[in-house]
Amino acid sequence: MTAHSTRPGPAATGLVPFADNGTSRTIGGMTVENGTDSIAFYGQIDLSRDKTGLERARALLAFLQQVVDTLDAQADLPDSLPPRKAARVPNPFA
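Below or above, wherever it landed, is the structure these notes cover. Just so you know, these numbers come straight off a predicted model, no measurement behind them.

We now examine the overall build of the protein. For the protein, the helix and strand inventory stands at one helix and three strands. Put simply, of all contacts in the protein between residues at least 6 apart along the chain, 32% involve residues at least 24 apart. Surface accessibility of the protein: about 7,500 Å² in total, with carbon and sulfur atoms responsible for 54%.

Attention now moves to the sheet that holds strand β2 (residues 30-33). Whenever strands of a sheet pair, they do so through backbone hydrogen bonds, lying parallel or antiparallel. With antiparallel pairing, three strands are arranged side by side in an open sheet as β1-β2-β3. What marks the edges here is a single partner per strand, and that holds for β1 (24-27) and β3 (40-43). The average angle at which neighbouring strand axes cross in this sheet is 20°, direction not considered. Examined bridge by bridge, β2 and β3 share four bridges and lie antiparallel to one another. Bridging across to β3, Met30 finds its partner in Gly43. Across the sheet, helix α1 (residues 51-73) lies against β1, β2 and β3, angled at about 145° from β1, the strand it touches most.

Next up on the list: the environment of Phe41. In this fold, Phe41 is placed in strand β3. A relative accessible area of 37% places Phe41 in the partly exposed class. In sequence terms Phe41 and Thr31 are 10 residues apart; their C-alpha atoms lie 5.7 Å from each other. Beyond its immediate sequence surroundings of up to four residues, Phe41 is in contact with Met30, Thr31, Val32, Phe63 and Leu64.

Attention now goes to the pairing of β2. As paired strands, β1 and β2 are joined by four bridges and run antiparallel to one another. Residue Thr26 lies in a different strand from β2, and its bridge partner there is Thr31. The hairpin formed by β1 and β2 contains two residues between the paired strands, and Gly28 there has a positive phi angle of roughly 65°. Here β2 hands over to β3 after six residues, the two strands then running antiparallel side by side.

Once that is clear, we can look at the side chain of Thr31. Its place among the elements puts Thr31 in strand β2. Judged by relative accessible area, Thr31 falls into the buried class, the value being 14%. Among the polar contacts listed, one links the side chain of Thr31 to the side chain of Thr26, at a separation of 3.3 Å. Setting aside chain neighbours within four positions, we find Thr31 in contact with Ser24, Arg25, Thr26, Ala40, Phe41 and Tyr42.

Turning to unusual backbone geometry, a few remarks are in order. Positive phi, close to 65°, is recorded for Phe18, a residue that is not glycine. By the element assignment, Phe18 lies in the segment before β1.

Rules behind the numbers
- Residues numbered from 1 in each chain as written.
- Predicted model: local features only at pLDDT ≥ 70, side-chain atom pairs only at ≥ 80, totals over all residues.
- Heavy atoms only, no water.
- Helix = DSSP H or I, 4+ residues; strand = E, 2+ residues; numbered from the N terminus.
- Contact = heavy atoms within 4.5 Å.
- Areas by Shrake-Rupley, 256 points an atom, 1.4 Å probe, with all protein chains shown as cover.
- Pairing = 2+ DSSP bridges.
- Axes fitted to C-alpha atoms, helices over the stretch in contact; angles between N-to-C directions.
- Buried < 20%, exposed > 50% of the residue type's maximum accessible area, 1.4 Å probe, protein only.
- Polar contact = N/O pair within 3.5 Å; in protein donor to acceptor, adjacent residues only side chain to side chain.

This is the structure in structure tokens:
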């Protein structure tokens, strides 16, 4: 029987929560996109009742636990972030 840690490190998901604005990882069909202010989840994932489903569930659980641990460790966590301001970008087709 293999022992599993309940709190795997960043190697389990390849992401360090809130560390950068460019890292993403796909688990099943769910993409987790890192950001310094927020983390986005999009797509769809099936957690089937088999070893593949268990592996995907553990990967999601490990990353979410890292997110919770990171937020818990931040002493000055604000109640909420201010809304983002829309930035103008040049039209690439002009």
